[in-house]
Amino acid sequence: MPDSWQVYDVELQSRLFIGTAQYPSPAIMQEAIEASGAQVLTTSLRRQAPNSGGGQKWWQQLRELNRQILPNTAGCRNAKEAVTLAHMARELFQTNWIKLEITGDDYNLQPNTLELLVATEQLQTEGFNVFAYTTEDLVVCKRLQDLGCQVIMPWGAPIGTGKGLLNPYALKTLRARLPEVSLVVDAGIGLPSHVAQVMELGFDGVLLNTSIARCDSPAQMATAMRHACVAGRLAYLSGAISERETAVASTPIIGTPFWQSKEN
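Each value, and the rule that gives it
All residue numbers refer to positions counted from 1 along the written sequence of the respective chain. A pLDDT threshold of at least 70 governs which residues receive local features in this predicted model, and a stricter bar of 80 or more applies before side-chain atom pairs are shown or counted, although totals over entire chains, interfaces and linings include all residues. Neither water nor hydrogens contribute to the side-chain values; these are computed over all heavy atoms in the structure. Strands are runs of DSSP state E lasting at least two residues, helices are runs of H or I lasting at least four, and both sets are numbered from the N terminus onward. Every residue pair with non-hydrogen atoms within 4.5 Å of one another is taken to be in contact. Burial here depends on accessible area, computed with a 1.4 Å probe over protein chains only, as a share of the maximum for the residue type. Under 20% is buried, over 50% is exposed, and the range in between is partly exposed. When we speak of the arc, we mean the arc of directions from the helix axis to the C-beta atoms. Should DSSP find at least two bridges between two strands, the strands are regarded as paired. We call a crossover right-handed when, viewed with the strands running away from us, the connection from the first strand over the helix to the second turns clockwise. A pair of Phe, Tyr and Trp rings is counted when the ring centres sit within 6.5 Å of each other, with Trp represented by its six-membered ring. The angle between the planes then sorts it: under 30 degrees is stacked, over 60 is edge-to-face, the rest tilted. Whether a charge sits over a ring depends on NZ of Lys or CZ of Arg being within 6 Å of the ring centre and within 35 degrees of the ring normal. Among the buried residues, those of types Ala, Val, Leu, Ile, Met, Phe, Trp, Tyr and Cys that are joined through side-chain atoms within 4.5 Å form a nonpolar core. Like charges are joined within 9 Å and nonpolar side chains (Val, Leu, Ile, Met, Phe, Trp, Tyr) within 5 Å, but only among residues with over 30% relative accessible area and no salt bridge; these make up the patches. Here the Shrake-Rupley method, with its probe set to 1.4 Å, supplies the accessible areas, and only the displayed protein chains count as covering residues. Salt bridge, as used here, is a side-chain nitrogen of Lys or Arg placed within 4 Å of a carboxyl oxygen of Asp or Glu. On a scale of 0 to 100, pLDDT captures the predictor's confidence in every residue. Angles shown run from 0 to 180 degrees and are taken between the N-to-C directions of axes, each axis being a line fitted to C-alpha atoms and, for helices, limited to the stretch in contact. Angles are sorted into four bins: roughly parallel if under 35 degrees, roughly antiparallel if over 145, roughly perpendicular if 65 to 115, and oblique for all others. Handedness of each helix crossing follows the sense of rotation of the near helix against the far helix: counterclockwise by less than a right angle gives left-handed, clockwise gives right-handed.

Colleague: Could you give an account of the overall build of the protein chain, naming the residues involved and the relevant values?
Modeller: Looking only at helices and strands, the protein chain features 9 helices and 10 strands. Long-range pairs, those at least 24 residues apart, make up 64% of the contacts in the protein chain with a sequence separation of at least 6.

Colleague: Explain helix α1 (residues 26-36) to me, and be specific about the residues and the numbers.
Modeller: Every buried residue of α1 is listed here: M29, A32, I33, A35 and S36. For α1, the buried positions fall inside an angular range of 165° around the axis, keeping them on one side. Count one or two residues on from α1 and you reach G37, which has phi positive near 75°.

Colleague: Mind laying out the environment of I18, listing which residues take part and the relevant values?
Modeller: Assignment of secondary structure puts I18 in strand β3 (residues 16-19). Distance in space between the C-alpha atoms of I18 and I33 is 7.6 Å, their sequence separation being 15 residues.

Colleague: How would you explain the pairing of strand β4 (residues 40-44) if you had to name every residue and give the values?
Modeller: Regular strands show a simple pattern: their side chains alternate between the two faces of the sheet. Burial of β4 is extensive: 5 of the 5 residues sit out of reach of the surface. In this structure, β3 lies alongside β4, joined through 3 bridges in parallel fashion. From the neighbouring strand, I18 faces β4, where its bridge partner is L41. Note that the unit made of β3, α1 and β4 has a crossover that is right-handed. Judged from the 5 bridges that link them, β4 and strand β5 (residues 68-72) form a sheet pairing that is parallel. Looking across to β5, one finds that L41 is bridged to I69.

Colleague: Which residues make up the packing of aromatic side chains, and what values go with them?
Modeller: Tallying each qualifying case throughout the model produces 3 aromatic pairs. Geometrically, the ring pair formed by W97 and F131 is tilted, given 4.8 Å between the ring centres and 50° between the ring planes. Of this pair, W97 sits in strand β6 (residues 97-100) while F131 sits in strand β7 (residues 129-134), placing them 34 residues apart in sequence. Given a relative accessible area of 1%, W97 falls into the buried group. Residue F131 is classed as buried on the basis of its relative accessible area of 0%. Among the aromatic residues, those joined into a ring-pair cluster are Y8, W97 and F131. Lying over the aromatic face of F128, R90 brings its terminal NZ or CZ to 3.8 Å of the ring centre. For K99, the ring lying beneath its charged end belongs to Y133, and the centroid distance is 5.3 Å.

Colleague: Lay out the side chain of H194 in plain terms, naming residues and giving numbers.
Modeller: With respect to the helices and strands, the residue H194 is situated in helix α7 (residues 192-200). By relative accessible area, which is 12% here, H194 ends up buried. What H194 contacts, discounting residues up to four positions off in sequence, is G162, K163, G164 and I189.

Colleague: Give a detailed account of the nonpolar core, specifying residues and quantitative values.
Modeller: Across soluble globular proteins, nonpolar side chains show a tendency to be buried alongside one another. The biggest cluster of nonpolar side chains holds 75 residues, and the ones touching the most others in it are F17, I18, F131 and I212. Apart from the residues within four sequence positions on either side, F17 is in contact with W5, L12, V40, L70, F131, M153, V206, L207 and L208.

Colleague: Give me the lowdown on the environment of G202, citing residues and values where you can.
Modeller: Within the fold, G202 resides in the loop between α7 and β10 (205-208). Sequence-wise, G202 and L183 are 19 residues apart; in three dimensions their C-alpha atoms are separated by 8.8 Å. Ignoring sequence-local partners within four residues, the contact set of G202 consists of R175 and Y236.

Colleague: Any chance you could break down a nonpolar patch on the surface for me, citing the residues and the numbers?
Modeller: There is a patch of nonpolar side chains on the surface, built from V230, L234, Y236 and L237 and spanning about 340 Å² of accessible area. You can see V230 is positioned in helix α9 (residues 218-238). On the basis of relative accessible area, V230 is assigned to the partly exposed category, the value being 47%.

Colleague: Go over the confidence of the model for the protein chain, please, and point to the residues and values.
Modeller: Taken over all residues, the pLDDT of the protein chain has a mean of 89, while the share at 70 or more is 90%. Looking at the elements of the protein chain, mean pLDDT is at its lowest for helix α2 (residues 53-64), recorded as 69, and at its highest for strand β8 (residues 151-154), recorded as 97.

Colleague: Got a sec to walk through the packing of helix α5 (residues 138-146) against helix α6 (residues 168-177)? Specific residues and values, please.
Modeller: The contact between α5 and α6 brings their axes to 10 Å, and the two run at 30°. Relative to α6, α5 is oriented roughly parallel. For α5 against α6, the interelement crossing comes out right-handed. Across the interface between the two elements, L138, C141 and K142 from α5 touch T173, L174 and R177 from α6.

Structure follows, in structure tokens:
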């Protein structure tokens, strides 16, 4: 069933975003992207220098995939670095889209939300469409909304861990408190069931990379993630029943079995 959504200036049908790192080969990456049905790909400019021979080849391969590219600032440690990289991305890919990532801790790669707010404010005034990667902190996310950020990307768990949603309560609260913002869970997704859970909570989308790129069969896993995303979204739109503390029979017990005659 049609279920398109508007992401800044682009209308999308798929709600699954995927990354382009860690695949065994470009050919396997392309197979996985096709299988996923994803229309948005994210990539880091810090993987290879754009002006190097290898970098130019990589950028050309991404363009040939004919997908919306979402450059990211992974690896940046402060707002100044992230803003500089964002400008490079805009020039290279001819897009105002930028996934803003600023690392605050080397151990769990937790986002530095203080620097994130500084960079978001500056990039918004400079015409960028910011996709802000952050924690599930409600106060930070509300501030991002106040700054004009239309897409906020709270993590499910530390990146690459595959642990799924460590704090479903906080994510559910974000969805309830920020109904006008597009929310895309990013990082920590390991299984299709995690993707379905995200979508069942009413999130607009989910971004993942490692769970597809590092598994034994990336294209097959990408297919599973695609179906899980659709299934979770349909479940949310269907209006699921509420949990109950006691059993409720699906068939009421009234009178005697229908096959017994009145005489008996």
